Structures are given as structure tokens and as C-alpha cells.
Amino acid sequence: MKRKNVVIIGAAGRDFHNFNMVYRNDDSQRVIAFTAAQIPDIAGRNYPAALAGKLYPKGIPIHPEADLPKLIRAFDVSDCVFAYSDVSYQHVMNVAAVVQAAGANFVLLGPKETMLKSAKPVISVGAVRTGCGKSQTSRRIIEILMAKGLKVVAVRHPMPYGDLAAQKVQRFSRISDLAKRKCTIEEMEEYEPHVVRGNVIYAGVDYEAILRAAENDPQGCDVIVWDGGNNDFPFYTPDLHVTVVDPHRPGHEMCYYPGNVTLRLADVVVINKIDSADAAGIDAVRRNIAAVNPKAVVIDAASVLEMDNPAVVRGKRVLAVEDGPTLTHGGMKIGAAVVAARKFGAAELVDPRPYLVGRLRDSFRTYPGIGAVLPAMGYGAAQLKDLEATINRTKCDTVVIGTPIDLKRIITIKKPSTRVYYNLQEIGRPNLDDVIEEFIRAHTPSRKRSS
């Protein structure tokens, strides 16, 4: 019987997982290509044979998403599987229109076919958009679990931007592991807070192999925390699913894919940034939660900012350096650095656009709405070098770093600088302590907790 030809439309994450779960060992279907979007330098590579399995001895090529119509016609493609996230419904349906106009089916795979079951209790954390505060919520949950004596292993949504075969299963337990694995800035932003806190975090490409390694981690594992990314729904079946929403972007929880899915799946919804959002945005988000998921526990929270050295900001001309994905496909106009600079009395925010170097110009062309802040783009050595040069060329008095990692550890900043930290702080009850205590009673009844 002729194999049905398939293209997986992705961005080096969910696409590989969907392939591994559904297509890798199915000899009735042939994935002839992946396509790439959102992340630079993915197109033109191969999903390697070592990961693709025995049906794909030459691996699978990765093409730019713009090649979709050509691929569909050239290979008589039947199905195109959409497999990336943090995109508007308009974007999803535009891609669907391209696919169907070329003659193929447009496919979305759901949780039943793509979630793996763990032998350990799983808490998953997601968000309706990039930049909602998912990472700080994950950190808060892990801190609560650790304080109760549990051994926590985190597993992060994929960011495989290097040697895919070498990144099949990655384990991070020390800062030195980040350099050893040649992590990008985006990867370091997600992994470093975990290892600094003292918990192990896994990531990579093959999430079944990752899950089994995490369950059997040499330091022990009582609970797995799925630290989701890019508003995707979990790869692992959760025993408790937490979704974070952002009242600075009211309505996005209803019209972005798959953020609306994560909202509908949630056992707990955290309304973050209540301290800085307006009342209308908060009310709109509450109404939308009630409309689509009235059974969810709703927790109010603030995103509390701290700064290393406020004295270098007050009255100064400041360059705000923010988390890259939050500004790019996350679509946020400001981040922690801007909020902190204003809070601590900066005289002016300096526009970095006249000083951009190299591939950072490409980032601003691709995402023209970024505005007068600098995304910490660093998907490779060239981008990292361009980021360093741009910061040092910018005519400012002070650099305010709003990324989750210490940028000065990996690039040289030749100006006064200060770092911003932000942590989740629940407001009133219910809170995450309440939720986690109930989870522990339900899912770890026989475990002997240390005092």
C-alpha cells in the first residue's frame, strides 16, 4: 500500500515531538519534510536519522515554511500537521488556507495522541501567551514542593537549536552544564534559574527518553514539573495543570493557539501581574476564564520586581534589555526591564534601533512592533556577538537587564548595568500553597516526607 505523504509545520519543538509520538514508527505514513518558523537557523538542516528511526535512514529535511505549497505539489502531500505555538487564530487559519489551496489536509494533533503518561506525579505549567509569567510560576511551584521535602525534577519544553542528535536527552544540574551543552541565551534563561535553585532540569528532543531519565534521576524524583513553553499544552499527562494568564493582554487567552487550549485544560488559572494591570483588563480576563473553564481554581498574583542597584538608574538614560521571545513572537511591548526602569526613576528609555548590529537588524525587521527596547536575542554565537556590540554602541548611561539570567556572565557590557529579578507573589486565597498541599495529599500519600 502506498504510504501517505506528510509535512509537519513547526519551529523545532512540538513538531519533533509530534513526529516521535505519531509518525516515527508508522509505515503507512511518510514524513517528507518539516518546515520551520519563529526560530532562526533551523531551516536548511536535517532531523537526523539517529532520532528519526529505521524508516528514515537519511533523516528528514527541514525547509522554510514558505516552501509549503511547493512541497505539497512536488510530493503529493496528503496531510500538513501544524505544530508550533503562540500564534493568533488568524495566523493558524492563514497557514491552513495556504495548505488547503495547495490541495492538502490541514491537521492539528491533540493531547490524546501526543501526551505521555509518567510513572511519577506530574504538575504541568503553561500559559496563554509567551511573557505571562509562566517561568516564575514554575519556580514558585518548585520552591513550594522542595520546601515540603519533595525531590523535584523539572522538564522543559524543547529548545533544540544545536546538534539535535546530541540533544536527544539533556540533563542540567550545574551552571557549568550550560556551557558544556553550548546553550543559547533562550535556553540559559530557562535552565539557569532551576540549577541555581538546586533542582535538576531536563530538556532535549526525544521526550519519552527524557521522561524515563527524569523518573529515574540519580538524585531522586518524587514529582515531575513540566515547565511548558511558548503557550503549548503539555507533552506529559498532568495530574495538575496550571495555566498563567496576562491581564495586560486581555482577550489573548481566547484567540491564540494553543493558549486557549491550555486555558480550557487548566485545573488552576493564575492571573498574574495584577499589581501593574488595569482593572478593565483584569475583569475581562476573569470573565473569559469563567466562560470557558468555570471549574478552575483562580489565583490572583503579582509579578514582584527587584533590582540589584537602583542607584545607577535614577535620573539616567537607560537601555532596557528584555527577554527575547517575550518581545518577538510573544508580542509584548515592554518587559521587566522597562517596568523596573520606570519604577526606579529612569529619566529616559534609549531607543536601541539606531545602534543595531548584524542580525539584530533582522529581528527588528521580522518583528517591527518591538519598539524602543532591545530583545536579548542569542540563538547562536553570531547573534550573541551582535547583542554585545549593540549594547556597547548604544548611547546610554545605564543598561537595565530584564532577562532571567545574568547577561554579564556571557557577554561583556562596557557600561554601568543592573539586573532585574521578578518573582510570583500570590494575593490572598486560594494560593499555590493550598493547591500544592492538596496535590501532595492526593498523589504522594505513601511518600515519607523529610521534615
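Just so it is clear, the model here is predicted, and its values are computed rather than measured.

Cut-offs and rules
- Residues numbered from 1 in each chain as written.
- Predicted model: local features only at pLDDT ≥ 70, side-chain atom pairs only at ≥ 80, totals over all residues.
- Heavy atoms only, no water.
- Helix = DSSP H or I, 4+ residues; strand = E, 2+ residues; numbered from the N terminus.
- Contact = heavy atoms within 4.5 Å.
- Areas by Shrake-Rupley, 256 points an atom, 1.4 Å probe, with all protein chains shown as cover.
- Lys, Arg positive; Asp, Glu negative; His and termini not counted.
- Charge placed at Lys NZ, Arg CZ, Asp CG, Glu CD.
- Buried < 20%, exposed > 50% of the residue type's maximum accessible area, 1.4 Å probe, protein only.
- Phe/Tyr/Trp six-rings, centres within 6.5 Å; stacked < 30°, edge-to-face > 60°.
- Lys NZ or Arg CZ within 6 Å of the ring centre and 35° of its normal.
- 1 Å grid on protein atoms, 1.4 Å probe; cavity = no way out; pocket = protein on both sides within 12 Å on 5 of 7 lines; lining within 4 Å.
- Points joined across faces, edges and corners; volume = space filled by probe spheres on them.
- Nonpolar A, V, L, I, M, F, W, Y, C, P; charged D, E, K, R; others polar.

Trainee: Tell me about the overall build of the chain, and please be specific about residues and values.
Mentor: Summing up its helical and strand segments, the chain has 17 helices and 21 strands in all. For the C-alpha atoms alone, the extent of the chain along its principal axes is close to 70 × 55 × 45 Å. Within the chain, counting contacts between residues at least 6 apart in sequence, those at least 24 apart form 77% of the total. About 17900 Å² of surface is accessible on the chain, with carbon and sulfur atoms providing 51% of the total. Taken as two groups, the 58 positive and 49 negative side-chain charges of the chain have centres that lie 3 Å from each other.

Trainee: Describe the environment of Asp-386, and please don't skip the residues or the numbers.
Mentor: If you trace the backbone, Asp-386 turns up in helix α16 (residues 381–393). Classification of Asp-386 by relative accessible area gives buried; the value is 11%. For Asp-386 and Gly-358, which are 28 residues apart along the polypeptide, the C-alpha to C-alpha distance reads 5.7 Å. Filtering out sequence-adjacent residues up to four positions away, Asp-386 remains in contact with Val-357, Gly-358, Arg-359 and Leu-360.

Trainee: Tell me about the packing of aromatic side chains, and name the residues and values.
Mentor: Within the structure shown, the criterion is met by 15 aromatic pairs. Residues Tyr-207 and Tyr-236 carry aromatic rings whose centres are separated by 6.5 Å and whose planes lie at 50 degrees to one another, so their mutual orientation is tilted. Placement of Tyr-207 in helix α9 (residues 207–215) and of Tyr-236 in the loop between β12 (223–227) and β13 (240–245) is noted, with a sequence separation of 29 residues between them. The burial state of Tyr-207 is the same as that of Tyr-236; both residues are buried. By the ring-pair criterion, three or more aromatic residues cluster together here, those being Phe-16, Phe-19, Phe-34, Tyr-47 and Tyr-56. The ring of Phe-233 has Arg-14 sitting right over it, with the charged end atom 4.3 Å from the ring centre.

Trainee: Describe the layout of surface pockets, naming the residues involved and giving the relevant values.
Mentor: Of the voids in this model, the second largest pocket is the one considered here, and its volume is about 620 Å³. In this structure, the second largest pocket is lined by 32 residues; those nearest its centre are Ala-37, Gln-38, Ile-39, Thr-366 and Tyr-367. Sorting the residues of the lining of the second largest pocket by element identifies β6 (87–88) and α15 (360–366) as the ones contributing at least two each. Ranked by residue count, the leading element in the lining of the second largest pocket is α15, at three residues. Its residues assigned to classes, the lining of the second largest pocket comprises 15 nonpolar, ten polar and seven charged.

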